[in-house]
Amino acid sequence: MTHRKLAGRLVAATHNSGKLRELRELLAPYAIDVVSAGALGLAEPEETGETFAANATLKAIAASRASGLPALADDSGLCVEALGGAPGVYSARWAGEGKDFAAAMRRIEAELEAMGAPPPWRAYFVSALALAWPDDHVENFEGRVDGALVFPPRGERGFGYDPIFVPDGHDRSFGEMSAEEKHGLPADGSRALSHRARAFQDLARACLG
Ligand code: IMP
């Protein structure tokens, strides 16, 4: 399959400052001029899709059409196995209008307690990346990282649900890791750690080579 190559300017189609920072970090080694959707004054489309990929695609297409530039969107979330995959595509919505992730993490803990679900509480993060061009060509990539939840939350780094997620093979939460540790991008090109970095590795191989 031939992939379309990306060059020049790119819109990071997100209004989430944590995601924007991570997308900029991941794109830093490449000669791409990244401009954010917020800086261009682009509206945030409603996430009406039922899957991460559908929401990433609709955000990337909206930003690309509105700006006339290629656009990269991430739709992502935390899926808790004992909760049937919740909050999943509703991960941002569980934090409410005030983006209160401390409350969202307490809600996960309360729902696990109410169900009497015993630890380990298995969970995974998913990141769907969509890269769209103004002619509606779209390239899609998805990454996942498995791990377990810990309560109370640990660490002040990262964003969103990072403080309650300990990836498999590690004993610290994403909230306790530096950006480099969380991305976990090995110099030899072997598998990265975070869901977003894993999806990005595939995107880079396909579209940034
Ligand atoms: P959306 O993709 O804009 O619907 O929002 C995804 C939500 O999932 C974010 O607001 C975070 O709460 C959560 N999320 C996605 N990726 C991460 C991550 O890398 N760390 C912590 N939380 C994340």
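Quick note: structure is the one above.
Keep in mind that what you see is a predicted model, and the values were worked out from it rather than measured. (Residues numbered from 1 in each chain as written. Predicted model: local features only at pLDDT ≥ 70, side-chain atom pairs only at ≥ 80, totals over all residues. Heavy atoms only, no water.)

Before going further, it helps to spend a moment on the pairing of strand 1 (residues 8–12). Both strand 1 and strand 2 (residues 32–36) contribute to a ladder of five bridges, which runs parallel. Pairing of G8 across the sheet is with I32, part of strand 2. What joins strand 1 to strand 2 is helix 1 (residues 17–27), and the crossover it makes is right-handed. In this sheet, strand 3 (residues 71–80) lies alongside strand 1 in parallel orientation, the contact comprising two bridges. In the strand pairing of strand 3, A12 is matched with L72. (Pairing = 2+ DSSP bridges. Helix = DSSP H or I, 4+ residues; strand = E, 2+ residues; numbered from the N terminus. Right-handed = clockwise from strand over helix to strand, strands pointing away.)

Taken together, 19 residues lie near the ligand, and K19, F101, D162, K182 and R196 sit nearest. Within the contact set of the ligand, an oxygen atom lies 3.0 Å away from a side-chain nitrogen or oxygen of E47. Note that an oxygen atom of the ligand is positioned 3.0 Å from one of the side-chain N or O atoms of H195. When the ligand sits alone it has 490 Å² of accessible area, and the protein chains cover 96% of it. Counting atoms within 2 Å of the grid points, the majority share of the ligand lands in the largest pocket. Secondary-structure elements contributing two or more residues to the shell around the ligand are strand 3 and helix 5 (195–207). The greatest single-element share of the shell around the ligand, amounting to four residues, is contributed by strand 3. A class-by-class count of the residues in the shell around the ligand yields five nonpolar, six polar and eight charged. (Near = heavy atom within 4 Å. Polar contact = N/O pair within 3.5 Å; in protein donor to acceptor, adjacent residues only side chain to side chain. Areas by Shrake-Rupley, 256 points an atom, 1.4 Å probe, with all protein chains shown as cover. 1 Å grid on protein atoms, 1.4 Å probe; cavity = no way out; pocket = protein on both sides within 12 Å on 5 of 7 lines; lining within 4 Å. Sits in = over half its atoms within 2 Å of the grid points. Nonpolar A, V, L, I, M, F, W, Y, C, P; charged D, E, K, R; others polar.)

Attention shifts here to the pattern of salt bridges. Applying the stated criterion to the full structure yields 16 salt bridges. The residue K19 makes a salt bridge to D74 at a minimum N-O spacing of 3.1 Å. Linking K19 in helix 1 with D74 in strand 3, this pair joins segments that are 55 residues apart in sequence. Residue K19 shares its accessibility class with D74, and that shared class is buried. Among the salt bridges present, the one from D202 reaches R205, with a minimum N-O distance of 3.2 Å. (Salt bridge = Lys/Arg side-chain N within 4 Å of Asp/Glu carboxyl O. Buried < 20%, exposed > 50% of the residue type's maximum accessible area, 1.4 Å probe, protein only.)

The next subject is the pairing of strand 5 (residues 138–149). Look at any regular strand and the pattern is simple: side chains alternate between the two faces of the sheet. With 12 bridges connecting them, strand 4 (residues 121–132) and strand 5 associate as antiparallel partners. Considered in strand 5, the bridge of S127 is made with G143. Hairpin connection between strand 4 and strand 5: a loop of five residues separates the two successive antiparallel strands, and D136 in this loop has a positive phi of roughly 75 degrees. Two elements, strand 5 and strand 6 (residues 165–167), share three bridges in a ladder whose sense is antiparallel. Opposite L149, over in strand 6, you have F165 as the bridge partner.

Here we come to the layout of surface pockets. By volume, the largest pocket amounts to about 1,000 Å³. What lines the largest pocket is a set of 38 residues, among which N16, K19, E44, E47 and A92 lie closest to the centre. Take the lining of the largest pocket: its biggest share by element is four residues, from helix 2 (residues 52–67). Considering only enclosed or pocket space, the second largest pocket measures out at about 170 Å³ in volume. If you go around the second largest pocket, you meet 13 residues; those closest to its centre are L26, P29, Y30, L185 and F200. Looking at which element gives the most residues to the lining of the second largest pocket, the answer is helix 5, with four residues. Within the lining of the second largest pocket, the residues separate by chemical class into eight nonpolar, three polar and two charged. (Points joined across faces, edges and corners; volume = space filled by probe spheres on them.)

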